[in-house]
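Observations on chain architecture
So the chains spell out like this:
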Amino acid sequence: MAETLLRDMPAFKALEAHYSEIEKKHMRELFAADPKRGETFAISAEGLYFDYSKNRITAETLKLLLQLAEESGLKAKLDAMFSGEKINITEDRAVLHVALRSTPDQVINLDGVNQVPLVHEVLDAMSAFSEKIRSGEWKGYTGKPIKNIVNIGIGGSDLGPVMAYEALRHYTQRDLTFRFVSNVDSTDFVEATHDLKADETLFIVASKTFTTLETMTNANSARAWALAQLKDDAAIAKHFVALSTNAAAVSKFGIDTANMFGFWDWVGGRYSMDSAIGLSTMLAIGPDQFKELLAGFHSMDVHFQTTELSKNLPVILGLLTVWYNDFFNAQTVAVLPYEQYLKRFPAYLQQLTMESNGKHVTLSGHHVDYETGPIFWGEPGTNGQHSFYQLIHQGTKLIPCDFIGFFETLNPLGDHHKFLMSNVFAQAEALAFGKTPDELKAEKVPEALIPHKTFEGNRPSNVILADKLTPEILGKLVALYEHSVFVQGCIWQIDSFDQWGVELGKVLANRIIPELSSDSELKHDSSTNKLIELYRAKNK
């Protein structure tokens, strides 16, 4: 059956007409027309309070967006993902990150095999290993317990573990030091290890194929670094473990395959922080709290799969992203966590959202004639307020914002948290309502300054609140955005689970590597040829 193109869907056409009305309305009008708007456009579910009232929408907007979701076959596609159908069509793969946080009694079949027991077998092995490291039972080559853990990965094998470690640092075992190495730039490795001792250090090498250029370059440097101190190849098995499925390469490296924790080709890198890739997280917070993290993921999975669309957190969040991206031409989304522990959350979301939905062709290969994947970015509040908020408030670009805050702080100290949260509420209010010239005149602001001090407002934002940041809540937040990305991809009719866009640069880099240290003839364009020649000349 030929696909119905997005622009041909009745709901999309209706939304185009509706947008011409909405774009003229100010949120001041919308709130004045409905004194209970702040309650009408809010959802309380799964320990999260989601206030989306400060958006340029009406009940009609929401109705049409939900109709668009239905016309796009969202529910059927959602069920297809959860049931193990191979919805990653360009790689002929299932998309089953939801199985990573399944409960033992679930059945999630792929090609007739229940994946749940396989998932829990790996989790049990991770738990047993983690307990040995955390208790000091595991000894390094010289008989000392492990004090330092260095995770070597890149992309999803780094961003998820780094984000989770920083987010859950409050819950970590503080006599263990954690470092993360991802960049092939040697500085990353050197700075991560400069004050460590090899006989107290465990390296986690995270590469499914055990061939990733950046990861294996760093892993080989780590091996050489360890052997320079320990002097015996046999020491590698005591100081390295692998997150991989390539047993032959792992064994050749010197790692005991009993300490190889696997995962599956239905786990995309950016969806893998709750798989074996989360071993560093489990080492940091312990198996029990890692299970709480998984429970948070699972709770949001169930909510996404079973809750009607109009009250479904990921659905509404995803549809609002489509609304601004495709009708208001908003190029970006700012994610602004008012929680220092979530300082790496925006960076994590960059990969999740932009690698998933940075696509320009539909599932059937047609070039899209609408916008997909917005740019995600952000910094923790209140730092961002003294940095880039100026542009959000008074600039010429429309930037929808997600504010994330918590009713309780994990580190009570005087009035800090009260000041922090007052800024969450104030920023969302200021963005929505602004400040008019009449209000400034009433305050007797000098005439010449009125244009400069006017805030137009009508800048959209969501506010997401929870009681406090726990492993369970972190799981829910990550899953919320994972499924929001899925919703967007369904609307845009793209494959959110491949990432061919990262391949071409890798292929060309592998071609160029030998050319940098040889005098071979160069057959690139004139610019690339000249750049290589300059590098050769400087490194003779």
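How each quantity is defined
- Residues numbered from 1 in each chain as written.
- Predicted model: local features only at pLDDT ≥ 70, side-chain atom pairs only at ≥ 80, totals over all residues.
- Heavy atoms only, no water.
- Buried < 20%, exposed > 50% of the residue type's maximum accessible area, 1.4 Å probe, protein only.
- Helix = DSSP H or I, 4+ residues; strand = E, 2+ residues; numbered from the N terminus.
- Pairing = 2+ DSSP bridges.
- Phe/Tyr/Trp six-rings, centres within 6.5 Å; stacked < 30°, edge-to-face > 60°.
- Lys NZ or Arg CZ within 6 Å of the ring centre and 35° of its normal.

Okay, the pairing of strand 7 (residues 201-206) next. Counting buried positions along strand 7 gives six out of six residues, so the element sits mostly inside the fold. Side chains Thr201, Phe203 and Val205 project from strand 7 onto one buried face, and the interleaved Leu202, Ile204 and Ala206 project onto a second face that is buried too. Bridge count for strand 5 (residues 148-152) against strand 7 is five bridges, and the pairing is parallel. Bridge assignment links Ile152 to a residue of strand 7, and that residue is Val205.

One pass over the structure, following the stated rule, counts 27 aromatic pairs. An angle of 85 degrees between the planes, with centres 4.8 Å apart, marks the rings of Tyr19 and Phe328 as edge-to-face. Of the two residues, Tyr19 sits in helix 1 (residues 10-22) while Phe328 sits in the loop between helix 14 (313-326) and strand 10 (332-337), which places them 309 residues apart along the sequence. On the basis of relative accessibility, which here comes to 18%, the residue Tyr19 falls in the buried class. Given a relative accessible area of 11%, Phe328 falls into the buried group. Taking 5.1 Å as the distance between ring centres and 75 degrees as the angle between the ring planes, the aromatic pair formed by Phe31 and Phe433 counts as edge-to-face. Separated by 402 residues along the polypeptide, Phe31 in helix 2 (residues 27-33) and Phe433 in helix 17 (residues 416-433) bring together distant segments of the chain. Taken together, Phe12, Tyr19, Trp323, Tyr324, Phe327 and Phe328 form an aromatic cluster joined through their ring pairs. Note that Arg37 overlies the ring of Phe31, its terminal NZ or CZ placed 5.3 Å from the centroid.

This part is about unusual backbone geometry. Note that the residue after Gly381, namely Thr382, is joined by a cis bond; omega there is 10 degrees. Within the fold, Thr382 resides in the loop between strand 11 (375-377) and helix 16 (389-394). Even without being glycine, Lys231 reaches a positive phi, approximately 65 degrees. If you trace the backbone, Lys231 turns up in the loop between helix 9 (213-230) and helix 10 (236-239).

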